[in-house]
Amino acid sequence: MAEAPAAPHRTTGSTLLHPLSALLGIPLDQINFVACQLFALLAAFWFRIYLGPSHASSAVRHAFATLFGIYFAVFCFGWYSIHLFVLVLMNYGIMNMASIPNIHRYSFVVAMGYLTLCHISRIYIFHYGILTTDFSGPLMIITQKITTLACQLHDGIGRQAEELTAEQNRLAVKTRPSLLEYLSYLLNFMSIIAGPCSNYKDYIAFIEGRHVHMKLLEVNWKQKGYDRLPDPSPTGAVMYKLCITLISLVLFLTLTKNFPMAYIIDNEFLEKTPFLTRLGYLYVVTQSAKPKYYFAWTLGKSSYITYFCNKSFHKWEGGWKVLIR
């Protein structure tokens, strides 16, 4: 079986960790990604403890999250990160100038159109030939957030409450975000690299320190005799996610070593291997590539749970269930 080609080390991002990339034989863009995610996990603990709502204003928390997110994007993607910032600023202009009845349509068309053009240029114009850095992941996350916010803004301002479902009512945004709030939501350091996508209203509630109170309202805390609940510890959920991350990493390194993707274009393999065997090998190769994405997404989620996430309260089962039973 043919050996996989040596891992390339060129990237548009930072080359600070190039020695580590050369030592491990792992592409530099992947090293940068993991380094940013691990640093984000540590920064999330610091943010939670020292920049909590009781220690810092909402503006400071927004600014910190935004600046760190921008730094991570530049560190990982270098000048490619310009695409992220261009998309964000274009849609901020649309959000402020477009009419409410059409804001979700314009936002979707521009965001999805820009994402599509970037994909087309990488595939058909440059043939994946501009270094190795893939910025499409963060661009897709930002596109998802832009369209989500635009639809929720349309629900909150352009539609009557009786026209909405209970979930739409809960997530509807009643006022247009300020520039700082918009940048913080789209570029915060815990979701800019690999997500996940959160709802704007949940994110703002966290920044302003209202996320616990919102959860209390959801569980009818007054009827159950509670006047307040402490902020649940995310430690258990984070450790669980990190274990999944480690398992995914081990699976990826093991499977890709034993089933290299480069073998599917090997001349001997193509000429002498039966069709069904080639098809079976192709299936195995594609499945062995999946743990890489599970690793990235789960690592991002573990950091995000530490930092924030109303959506993740259901994952903090040990904390919430003990407190609200």
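Definitions and limits used
- Residues numbered from 1 in each chain as written.
- Predicted model: local features only at pLDDT ≥ 70, side-chain atom pairs only at ≥ 80, totals over all residues.
- Heavy atoms only, no water.
- Disulfide = S-S within 2.5 Å.
- Buried < 20%, exposed > 50% of the residue type's maximum accessible area, 1.4 Å probe, protein only.
- Core = buried A, V, L, I, M, F, W, Y, C linked by side-chain atoms within 4.5 Å.
- Helix = DSSP H or I, 4+ residues; strand = E, 2+ residues; numbered from the N terminus.
- Patch = residues over 30% accessible without salt bridge, like charges linked within 9 Å, V, L, I, M, F, W, Y side chains within 5 Å.
- Areas by Shrake-Rupley, 256 points an atom, 1.4 Å probe, with all protein chains shown as cover.
- Salt bridge = Lys/Arg side-chain N within 4 Å of Asp/Glu carboxyl O.
- UniProt positions renumbered as here; feature names shortened; annotations may be inferred.
- Axes fitted to C-alpha atoms, helices over the stretch in contact; angles between N-to-C directions.
- Parallel < 35°, antiparallel > 145°, perpendicular 65-115°, else oblique.
- Left-handed = near helix turned anticlockwise from the far one by under 90°.
- Contact = heavy atoms within 4.5 Å.
- Nonpolar A, V, L, I, M, F, W, Y, C, P; charged D, E, K, R; others polar.

Q: Tell me what's going on with the state of the cysteines, and back it up with residues and numbers.
A: Under the criterion given, the structure shown has zero disulfides. Left without a disulfide partner, Cys-36 is nearest to the cysteine sulfur of Cys-76, which lies 3.4 Å away. Taking the relative accessible area as the measure of exposure, Cys-36 reaches 4% and is therefore buried.

Q: Tell me about the nonpolar core, residues and numbers included.
A: Leu-139, Tyr-182 and Phe-189 are the most contacted members of the largest nonpolar core, which totals 51 residues. Sorting the residues of this core by element identifies α2 (28–50), α3 (58–77), α4 (81–97), α5 (103–125), α6 (136–158), α8 (179–187) and α9 (200–207) as the ones contributing at least two each. Ranked by residues supplied to this core, first place goes to α3 with seven residues.

Q: Give me the lowdown on a nonpolar patch on the surface, citing residues and values where you can.
A: Together, Phe-45, Trp-46, Ile-49 and Tyr-50 make up an exposed nonpolar region whose accessible area comes to about 420 Å². Secondary-structure assignment places Ile-49 in helix α2.

Q: Hey, could you go over the pattern of salt bridges for me, with residue numbers and the actual values?
A: Taken as a whole, this structure holds four salt bridges when the rule is applied. When the shortest N-O distance is used, the salt bridge between Arg-159 and Glu-163 registers 3.8 Å. Arg-159 sits in the partly exposed class, given a relative accessible area of 26%. Glu-163 sits in the partly exposed class, given a relative accessible area of 46%. Through salt bridges that share partners, Asp-155, Arg-159 and Glu-163 make up one connected network.

Q: Kindly report on the UniProt feature "transmembrane region" (unreviewed entry) in the protein, identifying the contributing residues and their values.
A: In this numbering, the UniProt entry assigns the feature "transmembrane region" (unreviewed entry) to residues 31–50, 70–94, 106–130 and 237–255. From the first C-alpha to the last, residues 31–50 spans 28 Å; its make-up is 100% helix and 0% strand.

Q: I'd love a proper account of the packing of α3 against α8, names of residues and values included.
A: Viewed as axis vectors pointing N to C, α3 and α8 meet at an angle of 45°, and their least axial separation amounts to 8 Å. When the axes of α3 and α8 are compared, the pair comes out oblique. You can see that α3 and α8 cross each other, and the crossing is left-handed. For the pair α3 and α8, the contacting residues are Ala-59, His-62, Ala-63, Ala-65, Thr-66, Gly-69 and Ile-70 in the first and Leu-180, Glu-181, Leu-183, Ser-184 and Leu-187 in the second. Split into classes, the residues belonging to the contact of α3 with α8 amount to seven nonpolar, four polar and one charged.

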